[in-house]
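Each chain, written out:
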There are 2 protein chains.
Amino acid sequence: MKRIESPKNARVKHWKKLLTKKGREETGCFLLEGFHLVEEAVKSQAPLVELIVDERTTIPPGWDVSDVPVVIVTETVMKAISSTETPQGIAAICRQRPHELTGVKTALLIDAVQDPGNLGTMIRTADAAGIDAVILGEGCADLYNPKVIRATQGSLFHLPIVKGDVAEWITRLKEQGVPVYGTALENAVDYRAIPQSSSFALLVGNEGSGVRRELLKMTTENVYIPIYGQAESLNVAVAAGILLYSLQTAQ
Amino acid sequence: MKRIESPKNARVKHWKKLLTKKGREETGCFLLEGFHLVEEAVKSQAPLVELIVDERTTIPPGWDVSDVPVVIVTETVMKAISSTETPQGIAAICRQRPHELTGVKTALLIDAVQDPGNLGTMIRTADAAGIDAVILGEGCADLYNPKVIRATQGSLFHLPIVKGDVAEWITRLKEQGVPVYGTALENAVDYRAIPQSSSFALLVGNEGSGVRRELLKMTTENVYIPIYGQAESLNVAVAAGILLYSLQTAQ
């Protein structure tokens, strides 16, 4: 078992690169931090490259990680690679896994959602609502940004998430008989008018400007959530939650 | 009109105190940043103490602020008092306004929600859903924390928000004939079993540990949102959105 004491070690420098989008793209890997996220990765048989463990921390006995290399590090090293102020003592390097999507019945299409918390929360909500896949369009926060990963609470390991062209996906889903509902504030129907179904796609858009107009023109129907008070709109992740739970068939 | 150039000016030091909870409590004031929030305060006739304007910025002509003192400041001063990296050039000092709640028909009770983004987002959602009042129990993030204010998107000016004892409020609301629904993962009914109503209170709890057990024992009924996928739970603000929109009568 390797042991690394210095944050200047070449391996540590390599890990730190994963805190940047560029570093993640170059290596095809990302960094996971904390017991809950690493455990979700282990349980989901995600392609772990190595476990990084603080010398004062023990790997929980129930984890099936006998085939994953373990590197022991000092607290200083752990802090150097962490995006949080008080790291939990465990981290992992994981390979990004491409997904081939076939036979998708339900999907969440996300267009240009920039806030990492919103993006991660929507992935978590799609998982909870039993959605088959999430499509991330251009302009979205990076899926492997530590804040996105944290907000998913591990759901990124539970359902396929692919980067793609939202316009192409709208066309493709409609061709497969899956109705696509865009979210809009006007020229739309009350979301409660849409019947529950086991087959639908929901399209949500940027926090400030909403779904792009050219995409709203391509959907099967556009829906709005009525505002009863004085708020101008709902947070995009809250809106996605209300709509996914309204559209999804009770199982 | 006053003009302040130095971040060392005593007035600037006074404003900076409002970035801390202690400073806000001592002064009974809070700081608002950016055009949207200040405009919401102006439109809602919030008790503004002064407007702070970057020397290169113009107060929008439509704002009715003739009775609010204006202080012109340099970019350096604006940066010194801002909690964001790129301040928008306008800020305001506002007095905290206590609310007396009478005749509340619908309420959101929040117990120990610590994340400022979650707290602010729930206030925004309660406003959108036309809820009468929000009660913040012990252990919640400070309502006047800049991150909370930002996440409310101005909704803190649209409905009364009071700090209070959640247990007392549950009793009081039930005595007034308002059913109180707690949120729980077990020993609860599917939320869709609760009929829509123009009179209800929803109780949500801490991100990690949920609503405290002693409070769940006091409610009229506890509800859960079914999880169809592998997520363990929903984000508290998303859950609140789903439940408020499910419980609220369509208006």
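Bear in mind that the values here come from a model prediction, so they are computed numbers and not experimental data.

Peer 1: Before we go on, may I ask you to explain the packing of aromatic side chains in this structure?
Peer 2: The relative placement of two aromatic rings is captured by the distance of their centres and the angle of their planes. All names here are of chain A. Counted by the stated rule, this structure contains eight aromatic pairs over all chains. Members of the aromatic cluster, each reached through a chain of ring pairs, are F30, Y144 and F157. In this structure, R172 packs its charged tip against the face of W169, placed 4.0 Å from the ring centre.

Peer 1: I'm lost on the domain arrangement of chain A in this one. Help?
Peer 2: The accessible area lost on association of the parts is a frequent measure of interface size. Residue and element names in this part refer to chain A. Domains assigned within chain A are domain 1 (2-95) and domain 2 (106-247). When each unit is reduced to the centre of its C-alpha atoms, the spacing between domain 1 and domain 2 is 31 Å. Contacts between the two partners involve 15 residues from domain 1, matched on the other side by 11 residues from domain 2. Carbon and sulfur atoms supply 66% of the area buried between domain 1 and domain 2, which totals about 1100 Å² over both sides.

Peer 1: Honestly, the interface of chain A and chain B in this entry has me stumped. Any pointers?
Peer 2: The partner chain B presents 33 residues to the 33 residues of chain A that form the contact. The junction of chain A with chain B conceals about 2600 Å² of combined surface from both sides, 57% of it contributed by carbon and sulfur atoms. Ranking the residues of chain A by area buried against chain B places R124(A), Y228(A) and Y245(A) at the top, with a combined share of 26%. For the pair chain A and chain B, the interface holds zero salt bridges. Joining chain A to chain B, the criterion identifies 18 residue pairs in polar contact (both at pLDDT 80 or more).

Peer 1: Is there a simple way to explain the UniProt feature "domain: RNA 2-O ribose methyltransferase substrate binding" (unreviewed entry) in chain A in this structure?
Peer 2: Here, UniProt's "domain: RNA 2-O ribose methyltransferase substrate binding" (unreviewed entry) annotation points to residues 31-100 of chain A. Taken end to end, residues 31-100 of chain A comprises 23% helix and 29% strand; its first and last C-alpha atoms sit 23 Å apart.

Peer 1: What should I look at first to understand the confidence of the model for chain A in this one?
Peer 2: Regions with low pLDDT carry predicted coordinates that are not meant to be interpreted in detail. Mean pLDDT for chain A: 95, with 100% of residues reaching 70 or above. The ipTM value of the predicted complex is 0.95, and its pTM value is 0.96.

Peer 1: What is the right way to read the nonpolar core from this model?
Peer 2: Note that soluble globular proteins tend to have their nonpolar side chains buried in a common cluster. Counting 122 residues, the largest nonpolar core has L32(A), I110(A), L32(B) and I110(B) as the members making the most contacts within it. When residues no more than four places from it in sequence are discounted, the contact partners of L32(A) are L37(A), V38(A), A41(A), L48(A), I90(A), A91(A), A92(A), C94(A), I149(A) and F157(A). Counting residues in hydrophobic clusters, the runner-up holds 20 residues, among them A133(B), I170(B), L203(B) and L215(B).

How each quantity is defined
Residues numbered from 1 in each chain as written. Chains lettered and ligands numbered in written order. Predicted model: local features only at pLDDT ≥ 70, side-chain atom pairs only at ≥ 80, totals over all residues. Heavy atoms only, no water. Phe/Tyr/Trp six-rings, centres within 6.5 Å; stacked < 30°, edge-to-face > 60°. Lys NZ or Arg CZ within 6 Å of the ring centre and 35° of its normal. Domains from an automatic or database assignment. Contact = heavy atoms within 4.5 Å. Buried area = accessible area lost by both parts, 1.4 Å probe. Salt bridge = Lys/Arg side-chain N within 4 Å of Asp/Glu carboxyl O. Polar contact = N/O pair within 3.5 Å; in protein donor to acceptor, adjacent residues only side chain to side chain. UniProt positions renumbered as here; feature names shortened; annotations may be inferred. Helix = DSSP H or I, 4+ residues; strand = E, 2+ residues; numbered from the N terminus. pLDDT = per-residue confidence, 0-100. Core = buried A, V, L, I, M, F, W, Y, C linked by side-chain atoms within 4.5 Å. Buried < 20%, exposed > 50% of the residue type's maximum accessible area, 1.4 Å probe, protein only.

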